[in-house]
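Listed below, chain by chain, are the residues.
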Amino acid sequence: MAVKQLSVFIENKKGQMAEAVKKIADSKINIRAMSVADSRDFGILRLIVTDTEKAKELLSEDTLVKVSDVVAVKMEDIEGSLYGILKVLEDASVNVEYSYSFTAGKTPAPYVVFRVDDVAAAEKLLTDKGFCLISESEI
């Protein structure tokens, strides 16, 4: 049930993110979730899209693109929901490398994406504890 995520390494200069996003948009690929992390010289544009392979092919023409598995979890829209998820992972010694969130659906629901050191363990733990994981097709 892991979700495929693109990590696109782009120069930290004017227009680079727009150029990458334009390539995706021009190819009729929808961006479902996005996060940007930056440093002085480069950024990492993390994307969950409707066609991972096609987007990777397009973006790989002029930059480094990596595909990785992440876990996407639907959260309840209440205080402490994120902590409950993190606590399950922490108690089982699953390391969260990074996360970001997004909303989706006809009645927008909050989702959180986790890059963890053990995707299979995280999926099993969270499912066993009653959390709702979502797949790529659901995003």
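Residues numbered from 1 in each chain as written. Predicted model: local features only at pLDDT ≥ 70, side-chain atom pairs only at ≥ 80, totals over all residues. Heavy atoms only, no water.

Draft legend 1. Looking closely at helix 4 (residues 119-128). Listing the buried residues of helix 4 in full gives V119, A122, E123 and L126. Seen along its axis, helix 4 keeps its buried residues to an arc of 100°; they face one direction. Exposed residues on helix 4 whose side chains face more than 90 degrees from its buried face are A120, K124 and D128. Along its buried surface, helix 4 packs onto strand 4 (65-74), helix 3 (81-91), strand 6 (109-116) and strand 7 (132-133). Note on helix 4: the residue one or two positions beyond its end, G130, has a positive phi of about 90°. (Buried < 20%, exposed > 50% of the residue type's maximum accessible area, 1.4 Å probe, protein only. Helix = DSSP H or I, 4+ residues; strand = E, 2+ residues; numbered from the N terminus. Arc of directions from axis to C-beta. Contact = heavy atoms within 4.5 Å.)

Draft legend 2. Spatial organisation of the pattern of salt bridges. The final tally for this structure, using the stated rule, is seven salt bridges. Of the charged contacts in the structure, one is a salt bridge between R115 and E97, with a shortest N-O distance of 3.6 Å. With R115 in strand 6 and E97 in strand 5 (residues 96-104), this pair connects stretches of sequence that are 18 residues apart. Note on E97: relative accessible area 44%, which makes it partly exposed. For the salt bridge of K124 with D128, the shortest nitrogen-to-oxygen distance reads 2.7 Å. In this pair, K124 and D128 are both assigned in helix 4, four residues apart and thus about one turn of the helix distant. (Salt bridge = Lys/Arg side-chain N within 4 Å of Asp/Glu carboxyl O.)

Draft legend 3. Examining the domain arrangement of the protein more closely. Per the domain assignment, the segments of the protein are domain 1 (3-68) and domain 2 (70-138). The straight-line distance from the C-alpha centre of domain 1 to that of domain 2 is 22 Å. Around 940 Å² of area is buried between domain 1 and domain 2 when both sides are counted, 54% of it from carbon and sulfur atoms. The three residues of domain 1 that bury the most area against domain 2 are V3, Q5 and R46, which together make up 47% of that side's buried surface. Of all the elements in the fold, those that place two or more residues in the side of domain 1 that touches domain 2 are strand 1 (3-11), strand 2 (31-38), strand 3 (42-49) and strand 4. For the side of domain 1 that touches domain 2, the per-class residue count stands at four nonpolar, five polar and four charged. (Domains from an automatic or database assignment. Buried area = accessible area lost by both parts, 1.4 Å probe. Nonpolar A, V, L, I, M, F, W, Y, C, P; charged D, E, K, R; others polar.)

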